[in-house]
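# Examining the three-dimensional arrangement
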Amino acid sequence: MRGFRFDSRSAPVVAAHRGASGRALENSLAAISRSVADGADLIEFDVRLTADGFPVVIHDERTGRTARENLPVSRCRAERLRKVRLKNGEPIPFLEEVLEAVGGRVPVNIEVKTAGGVEAVSRALSGLSYAGEVLLSSPLREECAAAASARPGIPCGLVTGRPSASDIAFCLRHALRSIHPDHRRLSVLRIRKVREAGLALVPYTVDDPGRFFDLVESGAAGVFSNRAQSLRAAWRERSHGRE
């Protein structure tokens, strides 16, 4: 297993947000598989824990928005959730299944949504002897700190709304490599502060090519997008036009 680093890329990273979510159901094996076939720069997906501690790939606390049943993820055992079908007919994927589908062919960003998630993700990665590039992230500071401690060789990013001075100080204190803010809450000052701190700035969720170009020109290392393939194509076209 290798750590994914934004600063090792020659072009801005366009991360497939919850897989190819503009063309398939988010966080489904279909969305993940499409992103692998696209040769995505990075595939981002979310992880929560079942009642018995198994990491499952889903964004919300409840299954209802993307599945045919509406159940609280943290109160259901893995055996029960494995019987739930997503709205595209697939089962809700568990972390091991997603990692097996990716097979190390493209880098992954595992965003931990619940307490204890980093430990469970770490066990899964070790159990599979996963050989691909990995980036961890979380909106939970405790999980980011746990990642930095348990997996110092795997970079971790803090997911936040507006990147505050406190967020930046936390990242520096725990040797986090990147900060992932809401692009709608960024100001020129905030972007400058993140850059001065030496952190990779990777905003979410950016689907408009013009906004993507503006953010990169301002210093963003990349973006998360529901339309990752389209943004990558737009960047290539723009780059070729300047040659």
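Please refer to the structure placed before this passage.
What comes next is a walk through the structure. The structure displayed is predicted, hence computed values, not measured ones.

## Let's talk about the overall build of the protein chain
From N to C terminus, the protein chain includes 9 helices and 10 strands. Scaling as 2.2 N^0.38, a compact globule of 243 residues should have a C-alpha radius of gyration of about 18 Å, and the protein chain matches this with 17 Å. Its C-alpha atoms put the protein chain at 50 × 40 × 30 Å along the principal axes. The buried share of the protein chain, reckoned over its 243 residues, is 53%.

## Re the packing of helix α3 (residues 95-102) against helix α4 (residues 117-128)
Where α3 meets α4, the axes come as close as 10 Å, and the angle between the chain directions of the two elements is 45 degrees. The pairing of α3 with α4 is recorded here as oblique in orientation. When the axes of α3 and α4 are compared, the crossing they make is right-handed. Judged by residue contacts, Leu95, Glu96, Leu99 and Glu100 of α3 engage Val121, Ala124, Leu125 and Leu128 from α4. Of the residues assigned to the contact of α3 with α4, the class counts are 6 nonpolar, no polar and 2 charged.

## Points about the packing of aromatic side chains
Following the criterion strictly, the structure yields 4 aromatic pairs and no others. Considering the side-chain rings of phenylalanine 4 and phenylalanine 6, the 5.1 Å spacing of their centres and the 90 degrees angle between planes classify their relative orientation as edge-to-face. Taking the relative accessible area as the measure of exposure, phenylalanine 6 reaches 8% and is therefore buried. A ring pair is formed by phenylalanine 213 and tryptophan 235, whose centres lie 6.1 Å apart and whose planes are at 50 degrees; its orientation type is tilted. One end of the pair, phenylalanine 213, is in helix α8 (residues 209-218); the other, tryptophan 235, is in helix α9 (residues 228-241), and 22 residues separate them in sequence. The same class applies to phenylalanine 213 and to tryptophan 235, which are both buried. Clustering of aromatic rings is evident, with ring pairs tying together Phe212, Phe213 and Trp235. Lying over the aromatic face of phenylalanine 213, arginine 238 brings its terminal NZ or CZ to 4.6 Å of the ring centre.

## Points about the side chain of glutamate 111
Within the fold, glutamate 111 resides in strand β5 (residues 108-112). For glutamate 111, a relative accessible area of 8% translates into the label buried. When near neighbours in sequence (up to four residues on either side) are disregarded, glutamate 111 contacts Glu44, Phe45, Asp46, Val47, Ser137, Ser138, Pro139 and Val159.

## Overview of the layout of surface pockets
As a volume, the largest pocket reaches approximately 230 Å³. Lining the largest pocket are 16 residues, and of these Phe6, Asp7, Arg177, Leu199 and Ala200 sit closest to its centre. Broken down by class, the residue content of the lining of the largest pocket amounts to 10 nonpolar, 2 polar and 4 charged.

## Considerations on empty space enclosed by the protein
Tallying each qualifying case throughout the model produces 1 cavity of 30 Å³ or more. As a volume, the largest cavity reaches approximately 50 Å³. Every residue along the wall of the largest cavity is listed here: Glu26, Asn27, Val57, Ile58, His59, Asp60, Arg65, Thr66 and Leu86. Class assignment for the residues of the lining of the largest cavity results in 3 nonpolar, 3 polar and 3 charged.

## A few points about the packing of helix α1 (residues 29-38) against α3
Where α1 contacts α3, the two axes come as close as 9 Å, and the packing angle between them is 25 degrees. One element, α1, and the other, α3, form an angle in the roughly parallel class. In this structure, α1 meets α3 at a crossing whose hand is right-handed. The segment α1 lies against α3, with Leu29, Ile32 and Val36 engaging Glu97, Val98, Ala101 and Val102. Per-class residue counts for the contact of α1 with α3 are 6 nonpolar, no polar and 1 charged.

Cut-off values and rules
- Each residue is numbered by its place in its chain's sequence as written, counting from 1.
- Two thresholds apply to this predicted model, a pLDDT of at least 70 for residue-level local features and 80 or more for giving and counting side-chain atom pairs, whereas whole-chain, interface and lining totals are computed over all residues.
- Only hydrogens and water are set aside when side-chain values are computed; all heavy atoms of the structure are taken into account.
- Helix and strand labels come from DSSP, where a helix needs a run of H or I of at least four residues and a strand needs a run of E of at least two; each type is numbered from the N terminus.
- Here the globule rule reads 2.2 Å times residues to the power 0.38, and the radius of gyration is calculated from C-alpha atoms.
- Working definition: with a 1.4 Å probe on protein chains only, accessible area under 20% of the residue-type maximum means buried, over 50% means exposed, and in between means partly exposed.
- Throughout, an axis means a line fitted to C-alpha atoms (over the contacting stretch in the case of helices), and angles, computed between N-to-C directions, take values from 0 to 180 degrees.
- Convention used here: angles under 35 degrees read as roughly parallel, angles over 145 as roughly antiparallel, angles from 65 to 115 as roughly perpendicular, and any remaining angle as oblique.
- The handedness criterion is simple: a crossing whose near helix is rotated anticlockwise from the far helix by less than a right angle is left-handed, and one whose near helix is rotated clockwise is right-handed.
- Should any heavy atoms of two residues lie within 4.5 Å, those residues are counted as being in contact.
- Put simply, Ala, Val, Leu, Ile, Met, Phe, Trp, Tyr, Cys and Pro go in the nonpolar bin, Asp, Glu, Lys and Arg in the charged bin, and everything else, Gly too, in the polar bin.
- Any two rings among Phe, Tyr and Trp, with Trp reduced to its six-membered ring, count as a pair given centres within 6.5 Å; such a pair is stacked if its planes are under 30 degrees apart, edge-to-face if over 60, and tilted if neither.
- Should the NZ of a Lys or the CZ of an Arg lie within 6 Å of a ring centre and within 35 degrees of the ring normal, that charge is described as sitting over the ring.
- Grid points spaced at 1 Å over the protein atoms alone were grouped into cavities, where a 1.4 Å probe fits but cannot get out, and pockets, open sets with protein on both sides within 12 Å along at least five of seven lines, with lining residues defined by an atom within 4 Å of a point.
- Grid points are joined across faces, edges and corners, and a volume is the space filled by probe spheres set on the points.

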